[in-house]
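Residues per chain are reported as follows:
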Amino acid sequence: METEDLTSRFGPLKIQDGESLKDFKKRMRNLKMAKEAQETMNHSDWVQDEYAESFKSALLVRGRTGIAFNDDMIMHKCEWDSGYPENPARYVAIMHRLNELGLVNRCVRIQNEHIDIDDITKLHQRTQYENLYKICEPFNVNQAEKIASNYDAIYFNKDTFHCANVAAATTLGLVRAVAEGRVSNGLAVVRPPGHHAQQDIYNGYCFFNNVAIAAAAVQSLAQKILIVDFDVHHGQGVQDMFYNNNNVLYFSIHRYEHGEFWPNLRRSNFDHVGSGAGEGFNINFPLNTIGCTDTDYMAIVTQILLPVAYEFQPDLILFCAGYDACVGCPEGCMKVTPGFYGHLIKLLSGLAYGKLAVVLEGGYFLPSLAEGVAMTLRALLDDAPAFLLPMKDGPNDEVISTINDVKSVLCKYWKCFKVFENIGIKYANEEKHIVNVQYKGFEDSPPYPTRNCYPVVSQQEQDDLKVLVDCLKVDYGLPMKNKLCYVFDAVMLTHEAPEETVENPLRLQALYDRFLELELDKRCKQLEIKRVDFRALSIEVHSKEYLDDLINDGPSIPPTTHDLFWNSGSKISIETAVSGLITVCDAVMSGEYTSGVALIRPPGHHAEQSKTSGFCFVNNVAVAAKYMLDNGLAERILILDFDIHHGNGTQDIFYNSDKVMFISIHKFESGTYFPRSSNGSFDKVGAGVGAGFNVNVPFEINKMGCVDYLTAFFKIVLPCAYAFGPDVVLVSAGFDAGINDLLGNYKVMPQTFGHMIQLLRPLAGGRLIVALEGGYNINTLKHSMVFCIKTLLGDPLPPPSDMSRQKDNAHRTFTDVIYTLKKYWKFFNFEKRLLPE
């Protein structure tokens, strides 16, 4: 389209007779937007710069999940102590549970990779390999026990060498299949475990370091590898092998008790961060108390693991998956539920294009071990996650202290942990955190005990704990495959203004065209919109007088108003938008679908109880939330609004409610940005029983980007959401914070909206409903919403761009919000003032 065509469309470039200055500016603004939209279409090189990942990832869809196992591994057992906890029953219990749930048949069986001495001796000394063969062939039980006393927590039998090779080969086969993209992700059920095995020492039931061997073998396929070790024992073997390597980030959460818990090593503490090129790439999170719960682990994940993982942006994620922190395991004495592990997998699945490989390590209480592995595989298969109990109590004091210790030692290596010196005088008297490194352990030496060297619980206690796990299994139910529904009706395109405006039918049409172009309609179920009693539903949210005017004659719109318009198609469009969203809510809450998308307009989040505003007439999301509450479909609803404009209407409607938590991330600029009210401030937290349930994240000044929005999720959104524990999540999805949106002028890339949705997916058993709000650059809008839809379908996400340090103003906003919320939510007690270097 040439300039003269646009000029003829929008009029001459000067004020016309009888035209006000305000109307002239509006006309020129529309002309500028049209020119930029045309430039987007005409300059493919520029489009590729801004939307390259959108085009590259358009046809990237979720693949199959792999599983690797080999029954030979049950042959490895202790010949001189039948009570040894690392025994064949572990493997048998896991495989029984996975088959019982029908999970194995849904996976691609990955065959063992060929492995030989050269593969293993890249990381282990050759003598370590050869000596294990000699011990097992020929095998003498008395001699083997004597040799075992030279190693800490080790036994041998005639099949140990074979099984150790099979475990390493099975792990490598799975990891290579994931790295090569033959499967999207996968699980390796292996034993003996590997993460304690050191370069020249068998240790802690481990002979060859399965995960480390696989990581080293695939580094040509994955330049940057994140290893997450959630076994309750520190994986010192993995740490040692990559301690000087900046291509492998090792992250371990383990019981430590200042060195008094096995393996009792000084180097397992948080101040051991790597050396040489690897300095900063070794992260230990030592747990210095027992009884840690889902809440404690989630605090570690949101405050440490997720920020550093997103900054690192790995090409592959490997898990040293030990389930001995799971409830009932006598070795860990922790209280993590099996369902937590599925949440961990989901939270990290947005990274590395979803290339996750989970490799079994420990876990010694068979019921929780088997269920923990099952919940992990269900997450890899993208099934609906378990509901976790609301985390109201917050993390324990020891975990809080260690969170701040870890941040303090890592701040010079990772931008996400940078210490901001000037956070405002109002927090000057807040408690300062002093780093305190303690070690009370003692590193034992040979000879080591070979019998009765493990914790034992009574049969009665085991029976009681099994009952607890059985109850959790009932709560988790059978696996529910991920299914997505959506609504769209072209009648909503009939709502249009008499003159050009940014909220126009082209927004929805372009989005739907892109949706069809990628054939996403064939992967989702389109629901027939059930027409609801629009007035009866909406009167629960809006006043009777307001609805009467809206239904009968349309709203009174002053001629000077530029963000509202009404025509013959407006009423049916509004009714369809509300009915469509209610239809999606019914489908998701019935359990027929896991999640849903409402492609609707006009938007709704600015509509107050008795007032139209910002292109909004009826508050679609608020009506849907009230409908679910009133009909017993949900008791607690989280509404997340990431439209760049504060959802003032939604806030107003639920300001006094503790049934709805409303979180809004928006441009505020001291209340001067639309809707131009102080109500979007961080200190507007709700009233009455609703105090603490209204959370505003108001950004100031800077052009916020991907890192700022994702940091808001790590620091505020996820802690609030997990503390609240919703039954369903509603998203007011406005994309005007996206790149190139002239109203927002922010820099959030389309794929980052997908990451935000991915981070929400573990919540509420996966019940997630996304409703379109704003977004006024058509290209940004359509690509961003498509990423959200593809994310709900489980498709891989490209990494977010611009994960540089969060902006100073963003940090000040987060500090304001967190210190305000501390009064209401104990989860935020983790925030302490850190001392700059």
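In this text the structure is predicted, and so the values were computed from the model without any measurement.

## Things to note about the packing of aromatic side chains
At step 1: Summed over all chains, the structure comprises 36 aromatic pairs.
At step 2: When the ring of Tyr202 is compared with that of Phe207, the centres are 5.6 Å apart and the planes differ by 55 degrees; the resulting orientation is tilted. Here Tyr202 and Phe207 have matching classes, each one buried.
At step 3: With a centroid separation of 5.4 Å and 50 degrees between ring planes, the pair formed by Tyr310 and Phe714 is classed as tilted. Here Tyr310 is found in helix α11 (residues 294-312), whereas its partner Phe714 is found in helix α22 (residues 706-724), with 404 residues between them in sequence.
At step 4: One Lys or Arg, Arg109, reaches over the ring of Phe69 and ends 3.8 Å from the middle of that ring.

## A short note on the nonpolar core
At step 1: Among the nonpolar cores identified, the biggest contains 269 residues, and Leu98 and Ile227 are the most heavily contacted of them.
At step 2: When residues in this core are grouped by element, the largest group, 14 residues, is from α22.
At step 3: Contact partners of Leu98, with chain neighbours within four places excluded, come to Ile67, Leu103, Val104, Leu187, Val189, Val373, Ala374 and Leu377.

## Quick notes on α11
At step 1: If you look at α11, its biggest bend is around 40 degrees, right at Val301.
At step 2: Among the 19 residues in α11, 19 count as buried, and that is most of the element.
At step 3: Phi for Gln313, located one or two positions after α11, is positive at around 50 degrees.

## Overview of the environment of Glu635
At step 1: Checked against the element boundaries, Glu635 lands in the loop between α20 (620-630) and β13 (637-641).
At step 2: Residue classification places Glu635 among the exposed residues on the basis of a relative accessible area of 55%.
At step 3: Distance in space between the C-alpha atoms of Glu635 and Val189 is 39 Å, their sequence separation being 446 residues.

## Considerations on unusual backbone geometry
At step 1: Following Trp262, the chain continues to Pro263 via a peptide bond in cis, the omega torsion being 10 degrees.
At step 2: With respect to the helices and strands, Pro263 occurs in the loop between β5 (248-255) and β6 (282-287).
At step 3: Although it is not a glycine, Phe615 sits at a positive phi angle of roughly 70 degrees.
At step 4: If you trace the backbone, Phe615 turns up in the loop between β12 (595-598) and α20.
At step 5: The phi torsion at Asn740 lies on the positive side, around 75 degrees, for a residue other than glycine.
At step 6: With respect to the helices and strands, the residue Asn740 is situated in the loop between β16 (728-733) and α23 (750-760).

The rules behind the values
- Residue numbers run consecutively from 1 along every chain, following the written order of its sequence.
- Local features in this predicted model are restricted to residues whose pLDDT is 70 or higher, and side-chain atom pairs enter the listing and the counts only when it is 80 or higher, whereas totals over whole chains, interfaces and linings include all residues.
- The side-chain numbers reported here are obtained from all heavy atoms of the structure, hydrogens and water having been left aside.
- When the centres of two rings from Phe, Tyr and Trp lie within 6.5 Å, Trp using its six-membered ring, the rings pair. Their planes under 30 degrees apart give stacked, over 60 give edge-to-face, and anything left gives tilted.
- The classification of residues rests on relative accessible area computed with a 1.4 Å probe and restricted to protein chains. Under 20% of the type maximum is buried, over 50% is exposed, and intermediate values are partly exposed.
- Runs of E in the DSSP output that reach at least two residues are strands. Runs of H or I that reach at least four are helices, and both are numbered from the N terminus.
- The criterion for a charge sitting over a ring is simple: Lys NZ or Arg CZ within 6 Å of the ring centre, and within 35 degrees of the ring normal.
- We call a set of buried Ala, Val, Leu, Ile, Met, Phe, Trp, Tyr and Cys residues a nonpolar core when their side-chain atoms join them within 4.5 Å.
- By the convention used here, residues are in contact when the closest approach between their heavy atoms is within 4.5 Å.
- The quantity called bend is, for any residue, the angle between two axes fitted respectively to the seven residues ending at it and the seven beginning at it.

Purely geometric numbers; function is a separate question.
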